[in-house]
Amino acid sequence: TNNDYFILSENDKPFFTIPENKEGIKIINQDKKSLHLSYEGSSNIDISNDLNIKYSIQLITDSDYYYIKDKMNEFINSKDSIFDPKDLFISAFMSNSSTEYFLLYKNFESRNVAQNFCEKYTYFVDKCLIVNVKNLQ
């Protein structure tokens, strides 16, 4: 049409269906489950999903816990370290398919306070990414 805009009616029908008769074709990704945050981890992993941590600055994320742990030790033990060990935390976001580990810096009461601190004082990060740590738990 020549109208500037148009209105779509709400779709209350399924967006897709998986047929009963698949004719021998394997339908992928049917076994995926929703995200879950329960942790059934190894005793070798020390995660600080501390309930008192609210907002924090993300330094690094990786699916390899030991990589994150090594990076944390590098930050703390480097010759010119500016990091106080009590200001660094490792937290995890666990899904059905993987776990992502976060190296976090400091604890803040709000996203705005964390963002302001990050913009003023964290010259060692390329971009300020603030994590709502409560959402990881």
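Just above sits the structure.
About the thresholds
Residues numbered from 1 in each chain as written. Predicted model: local features only at pLDDT ≥ 70, side-chain atom pairs only at ≥ 80, totals over all residues. Heavy atoms only, no water. Core = buried A, V, L, I, M, F, W, Y, C linked by side-chain atoms within 4.5 Å. Buried < 20%, exposed > 50% of the residue type's maximum accessible area, 1.4 Å probe, protein only. Helix = DSSP H or I, 4+ residues; strand = E, 2+ residues; numbered from the N terminus. Contact = heavy atoms within 4.5 Å. Disulfide = S-S within 2.5 Å. Pairing = 2+ DSSP bridges. Axes fitted to C-alpha atoms, helices over the stretch in contact; angles between N-to-C directions.

Asker: If you had to explain the nonpolar core to someone new, which residues and values would you point to?
Answerer: Core analysis: the largest hydrophobic core is formed by 21 residues, its most contacted members being Leu59, Leu88 and Leu103. Elements that contribute at least two residues to this core include exactly β1 (55-62), α1 (65-77), β2 (88-94), β3 (99-108) and α2 (111-121). In this structure leucine 59 touches Phe75, Phe83, Leu88, Leu103, Tyr105, Phe124 and Val125, once residues within four positions along its chain are discounted. Grouped together as the second largest cluster of nonpolar side chains are seven residues, Ile53, Leu104, Val131 and Val133 included.

Asker: Please provide a residue-by-residue account of the state of the cysteines, values included.
Answerer: In this structure the tally under the stated criterion is one disulfide. Through a disulfide, cysteine 118 is tied to cysteine 128; the S-S separation comes to 2.1 Å. Across the S-S bond of cysteine 118 and cysteine 128 the torsion is about -100 degrees, and the bridge reads as left-handed. Placement of the pair is cysteine 118 in helix α2 and cysteine 128 in the loop between α2 and β4 (130-132), with a sequence separation of 10 residues.

Asker: Explain the pairing of β1 to me, using residue names and the numbers behind them.
Answerer: Of all eight residues that make up β1, six are buried, and the element is covered over most of its length. Pairing geometry for β1 and β3, over six bridges, is antiparallel. Across the sheet, tyrosine 55 pairs through a bridge with phenylalanine 108, a residue of β3. Pairing of β1 with β4, which is carried by three bridges, proceeds in the antiparallel orientation. Looking at β4, one finds that isoleucine 57 is bridged to isoleucine 130.

Asker: Run through the sheet that holds β1, naming residues and quoting values.
Answerer: Pairing is antiparallel in the open sheet, where four strands are placed in the order β2-β3-β1-β4. Taken across any chain shown, the strands that pair with only one partner, and hence form the sheet edges, are β2 and β4. Pairwise comparison of adjacent strand axes, ignoring direction, gives a mean angle of 50 degrees for this sheet.

Asker: Tell me about the side chain of aspartate 87, residues and numbers included.
Answerer: Relative to the helices and strands, aspartate 87 is located in the loop between α1 and β2. Relative accessible area serves as the criterion here: at 14%, aspartate 87 is assigned to the buried category. Beyond its immediate chain neighbours, meaning those up to four positions away, aspartate 87 contacts Leu104, Tyr105 and Lys106.

Just geometry here; none of it tells us what the structure is for.
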